[in-house]
Amino acid sequence: MSRIGRMPIAIPAGVTVDIAENNKVTVKGPKGTLERVLPSEMEIKQDGDTVVVSRPNDLKKMKSLHGLTRTLINNMVVGVTEGYEKVLEVNGVGYRAAKQGKVLNLSLGYSHPVNMEDPEGIEVVVEGQNKIIVKGIDKEKVGQYAAEIREKRAPEPYKGKGIKYADEVIRRKVGKTGKK
């Protein structure tokens, strides 16, 4: 049995979970509402203040969907109560980030500034000139947008310049050595 799939999902106070047909799950909480259509083979039941996911049989596909379904619902519950955030750091001489309304302006050593507009449901905060915080209630969207920002100038291994996640460790390499 899937260890993750078996665990019940606790629903905190102030959060409502609706399970419609075709496993369309809607989670409403203090920070907003999320909805998602989950695999129809899984059986999602709400009992009291917990949600339990069960699978019909032990086929490999069902086993993998079991844990996934439970985790997706749990991420929705955590999203509407606490929300998610990813912190990025901009490293490099002359590299900086600034915010103008809903547009994130990045100066990354290119001949032009890079402008990125915030997607719906995501808030971007710039602290100082080199710290970007991406916040939102949907874990997938937050991670995706943070990855798109990082992609504009991924960190390089020689000087460590570029945009990296705050908790990311860049493996450094030794540069060329001159001939003797």
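Conventions and cut-offs
Residues numbered from 1 in each chain as written. Predicted model: local features only at pLDDT ≥ 70, side-chain atom pairs only at ≥ 80, totals over all residues. Heavy atoms only, no water. Pairing = 2+ DSSP bridges. Helix = DSSP H or I, 4+ residues; strand = E, 2+ residues; numbered from the N terminus. Phe/Tyr/Trp six-rings, centres within 6.5 Å; stacked < 30°, edge-to-face > 60°. Lys NZ or Arg CZ within 6 Å of the ring centre and 35° of its normal. Axes fitted to C-alpha atoms, helices over the stretch in contact; angles between N-to-C directions. Contact = heavy atoms within 4.5 Å.

J.: Account for the pairing of strand E8 (residues 96-100), with residues named and values stated.
T.: Two strands pair when backbone bridges link them, and E8 and strand E9 (residues 103-107) are joined in this way by 5 bridges, in the antiparallel orientation. When the bridges of E9 are listed, Ala97 appears paired with Leu106. Counting the residues in the hairpin turn of E8 and E9 gives 2 residues, including Gly101, whose phi is positive at 65°.

J.: I'd like a description of the packing of aromatic side chains, backed by residues and values.
T.: With the rule as written, the count across this model stands at 0 aromatic pairs. Of note, Lys86 hangs over the ring of Tyr165, and the distance from its end group to the ring centre comes to 5.2 Å. The residue whose ring lies beneath Arg153 is Tyr110, and the NZ or CZ to ring-centre distance is 4.3 Å.

J.: Quick rundown of the sheet that holds E9? Include the residues and the values.
T.: Strands sit in the order E8-E9-E10 across an open sheet of 3 strands; the sheet is antiparallel. Strands at the two margins of the open sheet, each flanked by one partner only, are E8 and strand E10 (114-117). Strand-to-strand twist across the sheet, computed as the mean angle between neighbouring axes with direction ignored, equals 20°. Its contacts with the sheet put helix H3 (residues 139-151) on E9 and E10, and the angle it makes with E10 is roughly 170°.

J.: Residue-level account of the pairing of strand E4 (residues 32-37), with values.
T.: In the sheet, strand E3 (residues 24-29) pairs with E4 via 6 bridges, with the strands oriented antiparallel. Considered in E4, the bridge of Gly29 is made with Gly32. The turn linking E3 back onto E4 is made up of 2 residues.

Interpretation note: all reported values are geometric properties and have no functional meaning in isolation.
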